[in-house]
Amino acid sequence: MTTGTQGQVRRRRRGQQLEADLLDATWEELVQVGFANLTMESVAARARTGIAVLYRRWANKDELVFAAIQHRRDANPVAVPDTGALRSDLIAHLTALSDALAGFFAIAAAAAFSGLLAGTGLTPSQMRDRVMDTQKPRVRILYQRAHDRGEVNLERIPSAVLAMPYDLVRHDLLMDLKPLKPARIRSIVDELFLPLVQSSGAREGNAARRVRRR
């Protein structure tokens, strides 16, 4: 017969699973009570573990919350669409990012301005880049597909232009803490991004015109 103690030992969480559970518990606590009221003790209680388990991994509350925000972001990637055209790919991806990240940005921004910035020593710009990243490797896939289709020439388009649609979406999410309206996303793509792409790096001929029509 298996004793209760033996059963607990067998169910004991270890390694990456334990760390993921701790970070999930931290995020849940952050959502429920906010950064100011979150403590190492409250996270340990929510995770059903001892506080020493937390301190073996993170020196303080700031490090723990920062890690939890990054974990939450990385654990919920937004799929890159493949509609067959750059314009529709961008609109679909920016819309999905806006819908998926609005709540995340609201919680992360609240933590940042409730003391996390001061505790970590990060500037608002550093916090934005390190925590509120918009999945740059996935974005590159979207642009590479457009390049392979002949819609754009990535060698001629400045990196700042390629980043611009995502930077604007991130800015709006931080300012409004809610998903962008469809008209705003279309404006970013049609009125700001595509004209820059067409003037600096779109390929000549029908492929370039398809970027505008689709």
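The preceding data block contains the structure.
Fair warning: this is a prediction, and the values are worked out from it, not measured in the lab.

Rules used in this analysis
- Residues numbered from 1 in each chain as written.
- Predicted model: local features only at pLDDT ≥ 70, side-chain atom pairs only at ≥ 80, totals over all residues.
- Heavy atoms only, no water.
- Phe/Tyr/Trp six-rings, centres within 6.5 Å; stacked < 30°, edge-to-face > 60°.
- Helix = DSSP H or I, 4+ residues; strand = E, 2+ residues; numbered from the N terminus.
- Buried < 20%, exposed > 50% of the residue type's maximum accessible area, 1.4 Å probe, protein only.
- Core = buried A, V, L, I, M, F, W, Y, C linked by side-chain atoms within 4.5 Å.
- Contact = heavy atoms within 4.5 Å.
- Axes fitted to C-alpha atoms, helices over the stretch in contact; angles between N-to-C directions.
- Parallel < 35°, antiparallel > 145°, perpendicular 65-115°, else oblique.
- Left-handed = near helix turned anticlockwise from the far one by under 90°.
- Nonpolar A, V, L, I, M, F, W, Y, C, P; charged D, E, K, R; others polar.

1. As for the packing of aromatic side chains
Counting across every chain of the model gives three aromatic pairs. A centroid spacing of 5.6 Å and a plane angle of 20 degrees characterise the contact between Trp27 and Phe104, whose relative ring orientation is stacked. In this pair, Trp27 is assigned in helix H2 (residues 15-33) and Phe104 in helix H6 (residues 86-120), connecting sequence segments 77 residues apart. Exposure class is identical for Trp27 and Phe104. Each is buried. Counting every residue linked through ring pairs, the aromatic cluster contains Trp27, Phe104 and Phe105.

2. What about the nonpolar core?
In this structure, Ile69, Leu86, Leu90, Tyr143 and Phe193 are the most contacted members of the largest nonpolar core, which totals 62 residues. Among the elements that take part in this core, H6 stands out by supplying 15 residues, more than any other. The residues touching Tyr143, leaving out its near neighbours within four places in the chain, are Leu86, Leu90, Val152, Leu154, Leu162, Pro165, Tyr166 and Phe193.

3. What about the packing of helix H9 (residues 159-176) against helix H10 (residues 182-200)?
For the pair H9 and H10, interaxial distance at closest approach is 9 Å and the crossing angle is 160 degrees. Classified by the angle between their axes, H9 and H10 sit roughly antiparallel to one another. As H9 runs across H10, the sense of the crossing is right-handed. Here H9 contributes Val161, Leu162, Met164, Pro165, Leu168, Val169 and Asp172 to the contact with H10, which in turn contributes Arg184, Ile188, Leu192, Phe193, Leu196 and Val197. By residue class, the composition of the contact of H9 with H10 is 11 nonpolar, no polar and two charged.

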